[in-house]
Amino acid sequence: MEPSVLTDVVLPVSLAIIMLGMGLSLTLDDFRRVVRFPKAAAIGLVNQLILLPLIGYGVAIAFGLEPLLAVGLMLLAACPGGTTSNLISHVARGDLALSVTLTAISSTITIFTIPMVVNWALQHFAGEGQVIRVPFVQTMAAVFGITALPVGIGMFIRSRNAIFADRLEQPFRTASTVLFVVILLGIIASNLDLLREHFPRLGPATFALNIITMLIGWGTAQLFGLNLAQRIAVSIESGVQNGTLAIVVATTILSVPETSLPGAIYGLVMFVSGGFMMWWFGRRGVAKPGAA
């Protein structure tokens, strides 16, 4: 997936807009909720920040991925959830407050963990002869600039004028959805041959990552006695990652086209499981959004 105006400019700007829209719906109470209701949030964060990269490593080994594709899969596993996970949780009648909280907290923490995971993956999979290096400070600054900073701006706007933020929230949600679809279609159209070449291997690998982590999220949430709405949210947050962010990091920071392929293909396969969750739980209407 060669760098282009789409990947170098449009994609990062679009992601920042999406994250700004998320920030418009957040307040400091979303972060305080982690302290007030630590169990549900702790389970989700452990799944996202610890178990997910470990599972990603196992999937990369099990499917025998080439070094740079394995690095791309590890990058994907290191990414937080995104607006897509919040949308799926909402339609599936999961605990939306918990979903947003997990996304917000993990997005902040992964500013630091993504560079560490990617650096390790490059050394482990690519070997000593690989000349690619990830500048830690630059990577951290770039991830901060396209995730945490716009979220913070959105939160600041809400803190100053909640009514104005409410008016902006729906247009930003709509724009986020449209941007996501348009960008994904643009990437697919411009890299159709490359995606077709790697889909037979990366499709099953990324789908396995998605399904395994969702099942583990559900299992751990049930093990610790969370209610149905919380189990839905934790499962989705554990298994639906921000593939857009993975593509941005791969194309604008790593500048290694192959490492963006898992994120691009993941952006397709995750809608299978996400769509099932939205259909199954949404149609039943048994899970009511509750306190995190």
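Reading the values: rules and limits
Residues numbered from 1 in each chain as written. Predicted model: local features only at pLDDT ≥ 70, side-chain atom pairs only at ≥ 80, totals over all residues. Heavy atoms only, no water. Helix = DSSP H or I, 4+ residues; strand = E, 2+ residues; numbered from the N terminus. Buried < 20%, exposed > 50% of the residue type's maximum accessible area, 1.4 Å probe, protein only. Contact = heavy atoms within 4.5 Å. Areas by Shrake-Rupley, 256 points an atom, 1.4 Å probe, with all protein chains shown as cover. Patch = residues over 30% accessible without salt bridge, like charges linked within 9 Å, V, L, I, M, F, W, Y side chains within 5 Å. Salt bridge = Lys/Arg side-chain N within 4 Å of Asp/Glu carboxyl O. Polar contact = N/O pair within 3.5 Å; in protein donor to acceptor, adjacent residues only side chain to side chain. Phe/Tyr/Trp six-rings, centres within 6.5 Å; stacked < 30°, edge-to-face > 60°. Core = buried A, V, L, I, M, F, W, Y, C linked by side-chain atoms within 4.5 Å. Axes fitted to C-alpha atoms, helices over the stretch in contact; angles between N-to-C directions. Parallel < 35°, antiparallel > 145°, perpendicular 65-115°, else oblique. Left-handed = near helix turned anticlockwise from the far one by under 90°. Nonpolar A, V, L, I, M, F, W, Y, C, P; charged D, E, K, R; others polar.

(A) Inspection of the overall build of the protein at higher detail. Counting secondary structure elements, the protein contains 12 helices and 0 strands. Each helix and strand of the protein, placed in order from N terminus to C terminus, yields the pattern α-α-α-α-α-α-α-α-α-α-α-α. When each of the 292 residues of the protein is scored for burial, the buried share is 54%. Within the protein, counting contacts between residues at least 6 apart in sequence, those at least 24 apart form 86% of the total. Carbon and sulfur atoms make up 70% of the accessible area of the protein, which totals about 12300 Å².

(B) Fine view of a nonpolar patch on the surface. A cluster of nonpolar side chains, V46, I50 and L54, forms an exposed patch at the surface whose accessible area comes to about 270 Å². Here L54 falls in the exposed class, since its relative accessible area comes to 56%.

(C) Spotlight on the side chain of Q48. In this fold, Q48 is placed in helix α3 (residues 38-62). Reaching out from Q48, the side chain makes a polar contact with the side chain of S106 at a distance of 3.5 Å.

(D) Region of interest: the packing of aromatic side chains. Summed over the entire model, instances satisfying the criterion amount to 5 aromatic pairs. Pairing W218 with F281 gives two aromatic rings, centres 5.6 Å apart and planes at 25 degrees, and the pair type is stacked. Here F281 lies in helix α12 (residues 261-284) and W218 lies in helix α9 (residues 192-223), a separation of 63 residues in the sequence. For F281, a relative accessible area of 8% corresponds to the buried category. Each ring, one from F276 and one from W280, has its centre 6.0 Å from the other, and the planes form 15 degrees; the classification is stacked. Of this pair, F276 and W280 both sit in helix α12, 4 residues apart, which is roughly one turn of that helix. The class for F276 is partly exposed, based on a relative accessible area of 45%. With a relative accessible area of 30%, W280 lands in the partly exposed category. Taken together, Y57, W120 and F125 form an aromatic cluster joined through their ring pairs.

(E) Region of interest: helix α11 (residues 243-254). For α11, the tally of buried residues reaches 11 of 12 residues, placing the bulk of the element in the interior. Residues G243, T244, L245, A246, I247, V248, V249, A250, T251, I253 and L254 constitute the buried set of α11. Remark: S255 follows α11 within two positions and exhibits a positive phi of approximately 55 degrees.

(F) Spatial organisation of the pattern of salt bridges. In total, this model carries 2 salt bridges according to the counting rule given. A salt bridge links E66 to R201, with the nearest nitrogen and oxygen atoms 3.4 Å apart. Here E66 is found in the loop between α3 and α4 (67-78), whereas its partner R201 is found in helix α9, with 135 residues between them in sequence. Residue classification places E66 among the partly exposed residues on the basis of a relative accessible area of 37%. Taking the shortest distance from any N to any O, the salt bridge between R158 and D166 comes out at 2.4 Å.

(G) A look at the side chain of S238. Assignment of secondary structure puts S238 in helix α10 (residues 228-239). A polar atom in the side chain of S238 sits 3.2 Å from the side chain of N47. Discounting chain neighbours no more than four positions away, the residues touching S238 are N47, Q48, L52, T213 and G217.

(H) The environment of T103, seen in detail. As for its placement among the helices and strands, T103 is situated in helix α6 (residues 96-126). Note on T103: relative accessible area 0%, which makes it buried. Separated by 139 residues in the primary sequence, T103 and N242 have C-alpha atoms spaced 9.7 Å apart. Those residues in contact with T103 that sit more than four places away from it in its chain are M22, G81, G82, S85, N86 and E237.

(I) Structural context of the nonpolar core. Core analysis: the largest hydrophobic core is formed by 50 residues, its most contacted members being L65, L73, L75, I114, F125, I236 and M277. Among the secondary structure elements, those contributing two or more residues to this core are α3, α4, α6, α9, α10, α11 and α12. In terms of residue count, the dominant contributor to this core is α4 (10 residues). When near neighbours in sequence (up to four residues on either side) are disregarded, I236 contacts S85, I88, S89, A92, M214 and M277. If you look at the next biggest cluster of nonpolar residues, it comprises 11 residues, including A221, L226, A233 and V234.

(J) Examining the packing of α9 against α10 more closely. Closest axis-to-axis distance for the α9/α10 pair is 7 Å, and the angle between their directions is 150 degrees. In terms of orientation, α9 and α10 fall into the roughly antiparallel class. Remark: the crossing between α9 and α10 carries right-handed chirality. Mapping the contact onto sequence places N210, T213, M214, G217, W218, A221 and Q222 in α9 and L228, R231, I232, V234, S235, I236, S238 and G239 in α10. Of the residues that constitute the contact of α9 with α10, the class distribution is 7 nonpolar, 7 polar and 1 charged.

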